[in-house]
Amino acid sequence: MKQQTLGFWVLTALVVGNMVGSGIFMLPRSLAEAASPAGVLLGWLLTGAGVLMIAIIFGNLAIRKPELNGGPQIYAKELFPKGSNASILSGFMSSWGYWIGNVAGNVAIITTFASYLSTFFPILTSGHVVFSAGSFTLKLGNLLTFLVCTALLWMMHTIILQGAESAGKLNFVATATKVLGFFLFIVIGLFAFEKSYIQPFVAPRYDEAGHTLGLLSQINNVALSTLWAFIGIESAIVFASRARKQSDVKRATIVGLFIALAIYIGISILVMGLLKQEALIQSEKPLVDAIGTVLGPIGSQLLAGLGLISLIGSTLGWIFLSAEVPYQAAKQGLFIRAFLRENNKGMPRFSLIVSNLIAQLFIFSTISNSMAAAFDFVIYIATLSYLVPYFIASVFQLKLVWTGETYKTTKQRMTDGIIALLATVYSIWLVKAGTADMKTFLLGIALLASSLLFYPMVMKQHNEQPNKQKQSA
């Protein structure tokens, strides 16, 4: 069977496509509310610098430890003695949490796609009652939204099964289209930019209690919001085993980060120059409203179309990534063996089916309000599934530097040591800030602990392996 491989630009498209998703369409409003223009710009630069450290870590580990594939969470097992119970348990739990968090997040992207599609098909928001039984009422809009989301999910499923190169090329086309679209938005914004709208450049903001927030507090608030824009920076390392060259993983991660950062900063600042701050803070569709002030209704339609293309690329990339995580973990002996099953294209068929069946359950949230509440609950507790792997990767890089493993010169160790230390400190801050709310922290722990129900299966596999080796000897 021919192992299909991903080149530099396809890997870069996966990084950019998974980072620049639905969030960019709403971030300008939330950032304008949290900080003045100066605070927004400095917040982006701070987060970008911190995530750059993590991106370099991902790239370094892909080159120094190419046998460890499947994502940053896979390094958890390397923090403990090889083959120990602690090594297997930590690797399995971190892979489990990251996988479930991704599957739940996929549904958020898919349902956002349906929301943008309603711009062209208003019937998706119809309140006409199709069926009613007791307290349950099924509206036409909800039913059609469910069908659209289901169709998108399984269409992406079918495309991915055709092979990594086919899925990667389609993702590349979608990502290239939206990147060009966003840069066109930036060019248009430069010509229509009103300097008076971003004045005063440094201005106070207020918390819920009415207390004044200075520039440093604003930067902190923005940094927390902008962090979520960079979720997906790890995409290239998840697909490291499918890369033509391991060096491409590092290059794609860093180049993808800079492309995304340029889009984020450009759009955030320019939207502030197209809408007055009061209007921006009140806007439910900031990018659509901003471009509408320049191009009118046709501009809004074009941006909605760009949103659909953006979301298709993000959906494809994240579904592919979600299936790859348990598949690669199973290769490391850290997941249930059934997830190793492939089709004749070398794609993780079983993992993809299970991941999308779970996603399908969450898509029922488009029909029932009670299911929607359950869906929000899962998204709420998935915080740790994204933050912990970043911390794990940073600590593992620090361990390599400390022990000198894979290093030949002191200069390399010192350079990577400084980067690893900065990335570790930043990762600790991410985990602390992301789980500051005790409810989020406890529910995130509960998500990871749910993996213990299946851990005996993984341990059984691990214990059977030495016996098989003895019998074949």
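See the structure shown above.
Here the structure is a predicted model, which is why all the values come from computation and not from measurement.

The rules we used
- Residues numbered from 1 in each chain as written.
- Predicted model: local features only at pLDDT ≥ 70, side-chain atom pairs only at ≥ 80, totals over all residues.
- Heavy atoms only, no water.
- Helix = DSSP H or I, 4+ residues; strand = E, 2+ residues; numbered from the N terminus.
- Rg over C-alpha atoms; globule rule 2.2 N^0.38 Å.
- Buried < 20%, exposed > 50% of the residue type's maximum accessible area, 1.4 Å probe, protein only.
- Contact = heavy atoms within 4.5 Å.
- Polar contact = N/O pair within 3.5 Å; in protein donor to acceptor, adjacent residues only side chain to side chain.
- Salt bridge = Lys/Arg side-chain N within 4 Å of Asp/Glu carboxyl O.

## A short note on the overall build of the protein
Working step 1: Across its full length, the protein holds 18 helices and 4 strands.
Working step 2: Its C-alpha radius of gyration of 23 Å places the protein within 12% of the 23 Å reference for a compact globule of 473 residues.
Working step 3: Dimensions of the protein, computed from C-alpha atoms along their principal axes, come out at roughly 75 × 60 × 45 Å.
Working step 4: Evaluated residue by residue, the protein yields a buried proportion of 54% over its 473 residues.
Working step 5: Partitioning the intrachain contacts of the protein with sequence separation of at least 6 by distance along the chain shows that 81% fall at a separation of at least 24.

## Side note on the side chain of Ser90
Working step 1: Tracing the chain through its elements places Ser90 in helix H4 (residues 85-117).
Working step 2: On the basis of relative accessibility, which here comes to 16%, the residue Ser90 falls in the buried class.
Working step 3: In this structure the side chain of Ser90 is engaged in a polar contact, spanning 3.3 Å, whose partner is the backbone oxygen of Ala76.
Working step 4: A distance of 2.9 Å separates a polar atom in the side chain of Ser90 from the backbone oxygen of Ala86.
Working step 5: Beyond its immediate sequence surroundings of up to four residues, Ser90 is in contact with Ala76, Lys77 and Phe80.

## Considering the pattern of salt bridges
Working step 1: Within the structure shown, the criterion is met by 8 salt bridges.
Working step 2: Note that Lys65 is salt-bridged to Glu67, the shortest N-O span being 3.8 Å.
Working step 3: Exposure remark for Lys65: the relative accessible area of 9% places this residue in the buried category.
Working step 4: Assessed through its relative accessible area of 45%, Glu67 is described here as partly exposed.
Working step 5: Taking the shortest distance from any N to any O, the salt bridge between Arg251 and Asp248 comes out at 2.8 Å.

## Focus: unusual backbone geometry
Working step 1: In this structure, Pro200 follows Gln199 across a cis peptide bond, with omega equal to -5°.
Working step 2: With respect to the helices and strands, the residue Pro200 is situated in the loop between helix H6 (164-192) and strand E3 (205-206).
Working step 3: Its identity is not glycine, yet Thr406 carries a phi of approximately 75°, on the positive side.
Working step 4: In this fold, Thr406 is placed in the loop between helix H15 (383-403) and helix H16 (410-434).
Working step 5: The exposure class assigned to Thr406 is partly exposed, which follows from its relative accessible area of 33%.

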